Amino acid sequence: MSLLSAEARARVVSQLVEGCSIASTCRLTGVSKPTVLALLLRVGAGCERLHNRIVRGVTCHVAQCDEIWSYVQKKQSRVTAADPAEFGDAYTFIGMASASKLIISYRVGKRDEENTTAFIKDLRARLTTIPQLYTDGWQPYIAAVGSSFTGGVDYCQVVKRYNRKARRDDDHRYEPPRDPFITKTPVFGVPDVDAASTSHIERQNWTIRMHIRRFTRLCNGFSRKLANHRAAVALHVAWYNLARIHESIRCTPAMEAGIERHVWSIPELVEAALAEPETEPPTPQPLKLRTPPPGAPTSPARALPNGRGFLRLVGSGPAAPVAPTPPEGPEPPPAPQPRRMMQLRLFEE
């Protein structure tokens, strides 16, 4: 890999971030497979360090989290006791800011309590404001959010109930039930239940499947090693945040979030990743209250000691009008009642 020029490295990475497989990247660039894999591992590790340094101190009002499934070497149902621990399911946890589309935190591993806790802990360490946090119904999220945010979060779970019964018509087997399809459950704080949604992070999952060949379902593009899988995810996240112009915000997510000022090119990303040194992970900072939009009423709040969150007044607003107290003295005469019109019967039926 050290014999590749900067231009050749940029060509290889350009193919990988656009959804090409390792074999097709070799055919398009003329670089051998061992060299492409070695470059992926080095650039992926550098992109992970780059993300660790740049994406911190993020101001995020609404965050959504989800897990996207893939596997290494074989599916979980075919894993035996003799196989290595890395074989089987490989979930990628993604935490994204809804407004800026920035991927704040990610983690690759098994879908278990340990990885869930580590993922939420890293997400909390990169934020500076109390977020509205929305996730699916994965139960370990509750304990992980409670221990990491310690009251400084407005958390709601959004559960979508798909019909798992077999259908005779294959054209409608993905059709969800209608009663009810979405259930929203407040867990911590004062989440906006009406606005709670996981649509943005689910759309992000689609972007990952389109741009990382290893995530393409029902095909042979799966990973053979967990290290290569993690490197591919780290490369995609760095490219998505720093070098890809998002269609809805017309700039990169890092620019929209205010942590970068320009669009990175592929050669710039590759050289920065290869030269990035190791950096200590971010430490959690005290969270601030969200700034309400102009014209919105503000509610009193007081910070609790030891960074345990805020004591907020919920549902504050203009007081209800109170009826005036009648003056003391003799009771006034009753108001005259309006006359009621009646129809007289002149003839018996």
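Reading the values: rules and limits
Residues numbered from 1 in each chain as written. Predicted model: local features only at pLDDT ≥ 70, side-chain atom pairs only at ≥ 80, totals over all residues. Heavy atoms only, no water. Helix = DSSP H or I, 4+ residues; strand = E, 2+ residues; numbered from the N terminus. Contact = heavy atoms within 4.5 Å. Areas by Shrake-Rupley, 256 points an atom, 1.4 Å probe, with all protein chains shown as cover. Pairing = 2+ DSSP bridges. Axes fitted to C-alpha atoms, helices over the stretch in contact; angles between N-to-C directions. Core = buried A, V, L, I, M, F, W, Y, C linked by side-chain atoms within 4.5 Å. Buried < 20%, exposed > 50% of the residue type's maximum accessible area, 1.4 Å probe, protein only.

## Regarding the overall build of the protein chain
Line of reasoning, step 1. Looking only at helices and strands, the protein chain has 9 helices and 10 strands in total.
Line of reasoning, step 2. The contacts in the protein chain between residues at least 6 apart in sequence include a share of 62% that link residues at least 24 apart.
Line of reasoning, step 3. In the form shown here, the protein chain has an accessible surface area of approximately 21,100 Å², with 54% of it arising from carbon and sulfur atoms.

## A short note on the sheet that holds strand 5 (residues 103-109)
Line of reasoning, step 1. Within the open sheet, the 6 strands sit side by side as 5-4-1-6-7-8. Their pairing is mixed. Where the open sheet ends on each side, the last strands, each with one partner, are strand 5 and strand 8 (182-188). Each strand axis lies, on average, 20 degrees off the axis of its neighbour in the sheet, ignoring direction.
Line of reasoning, step 2. Against the sheet, helix 4 (residues 113-125) makes contact with strand 1 (62-68), strand 4 (91-97), strand 5 and strand 6 (132-135), and its axis sits at roughly 160 degrees relative to strand 5, the strand it touches most.

## Considering the nonpolar core
Line of reasoning, step 1. Among the nonpolar cores identified, the biggest contains 48 residues, and Cys47, Leu235 and Leu269 are the most heavily contacted of them.
Line of reasoning, step 2. Secondary-structure elements contributing two or more residues to this core are helix 1 (6-17), helix 2 (22-29), helix 3 (33-54), strand 4, strand 5, helix 6 (199-211), helix 7 (226-242) and helix 9 (266-275).
Line of reasoning, step 3. Ranked by the residues each element gives to this core, the list is headed by helix 7, at 11 residues.
Line of reasoning, step 4. Dropping the residues within four chain positions of it, leucine 235 is found in contact with Val13, Leu16, Val17, Leu40, Val43 and Cys47.
Line of reasoning, step 5. Listed in part, the 24 residues of the second largest apolar core include Cys60, Leu127, Ile130 and Tyr141.

## Here we look at the environment of isoleucine 142
Line of reasoning, step 1. Tracing the backbone shows isoleucine 142 in helix 5 (residues 140-149).
Line of reasoning, step 2. Residues contacting isoleucine 142, with those up to four places away along its chain left out, are Tyr155, Gln157, Val187 and Phe188.

## Considering the pairing of strand 1
Line of reasoning, step 1. The element strand 1 is largely enclosed, with a buried count of 6 among its 7 residues.
Line of reasoning, step 2. Bridging between strand 1 and strand 4 involves 6 bridges; their strand directions are antiparallel. Along strand 4, the bridge assignment pairs isoleucine 68 with threonine 92.

Purely spatial values, then, with no claim about function.
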